[in-house]
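Overview (structure and organization)
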Amino acid sequence: MSENTMICYCKGVTLGKVLAAIEGGATTLVEVMDTTGAGSACGRCVDRIEAIIEEKK
């Protein structure tokens, strides 16, 4: 996946933004949501975000 891949369409959050949040210290779904806004609207991307977090552990 490219860093430009859209993860959260509702909030316009890309994979790059999610990865930056993780690299900045976010280790949980809630921390990534708080940092990026991803997952805080309709919630359809929550599973994708959790998978990215798991992959980066």
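Up top is the structure.
Residues numbered from 1 in each chain as written. Predicted model: local features only at pLDDT ≥ 70, side-chain atom pairs only at ≥ 80, totals over all residues. Heavy atoms only, no water.

**Remarks on the overall build of the protein chain**
Scanning the protein chain for helices and strands turns up three helices and two strands. In sequence order, the protein chain lays out its α and β elements as β-β-α-α-α. The C-alpha radius of gyration computed for the protein chain amounts to 10 Å, which stays within 12% of the reference 10 Å derived for 57 residues, consistent with globular compactness. The dimensions of the protein chain, computed from C-alpha atoms along their principal axes, are 25 × 25 × 15 Å. Taking all 57 residues of the protein chain together, 39% fall into the buried category. Carbon and sulfur atoms make up 49% of the accessible area of the protein chain, which totals about 3600 Å². Side-chain charges in the protein chain split into 6 positive and 8 negative, and the spacing between the mean points of these groups amounts to 7 Å. (Helix = DSSP H or I, 4+ residues; strand = E, 2+ residues; numbered from the N terminus. Rg over C-alpha atoms; globule rule 2.2 N^0.38 Å. Buried < 20%, exposed > 50% of the residue type's maximum accessible area, 1.4 Å probe, protein only. Areas by Shrake-Rupley, 256 points an atom, 1.4 Å probe, with all protein chains shown as cover. Lys, Arg positive; Asp, Glu negative; His and termini not counted. Charge placed at Lys NZ, Arg CZ, Asp CG, Glu CD.)

**Some points on the side chain of Thr-14**
One can find Thr-14 in strand E2 (residues 13-14). Contacts of Thr-14, omitting those with residues within four sequence positions, involve Glu-3, Asn-4, Thr-5, Met-6 and Ile-7. (Contact = heavy atoms within 4.5 Å.)

**So, helix H2 (residues 29-36)**
Taken as a whole, H2 has its buried residues at Leu-29, Val-32 and Thr-36. Projected down its long axis, H2 shows its buried positions confined to an angular sector of 65°, all on one face. Across from the buried face of H2, at angles greater than 90 degrees, the exposed residues are Val-30, Asp-34 and Thr-35. Residues of H2 that are buried make contact with E2, helix H1 (15-23) and helix H3 (46-56). Looking one or two places after H2, you find Gly-37, whose phi comes out positive at around 90°. (Arc of directions from axis to C-beta.)

**Let's talk about the packing of H1 against H2**
Relative orientation of the contacting elements H1 and H2 amounts to 115°, with a least axis distance of 9 Å. Considering how the two elements wind past one another, H1 and H2 form a crossing that is right-handed. The residues of H2 that touch H1, namely those facing Lys-17, Val-18, Ala-21 and Ile-22, are Val-32, Thr-35 and Thr-36. Each residue belonging to the contact of H1 with H2 can be placed in one class, and the counts come to four nonpolar, two polar and one charged. (Axes fitted to C-alpha atoms, helices over the stretch in contact; angles between N-to-C directions. Left-handed = near helix turned anticlockwise from the far one by under 90°. Nonpolar A, V, L, I, M, F, W, Y, C, P; charged D, E, K, R; others polar.)

Shape is all these values report; function is a separate question.
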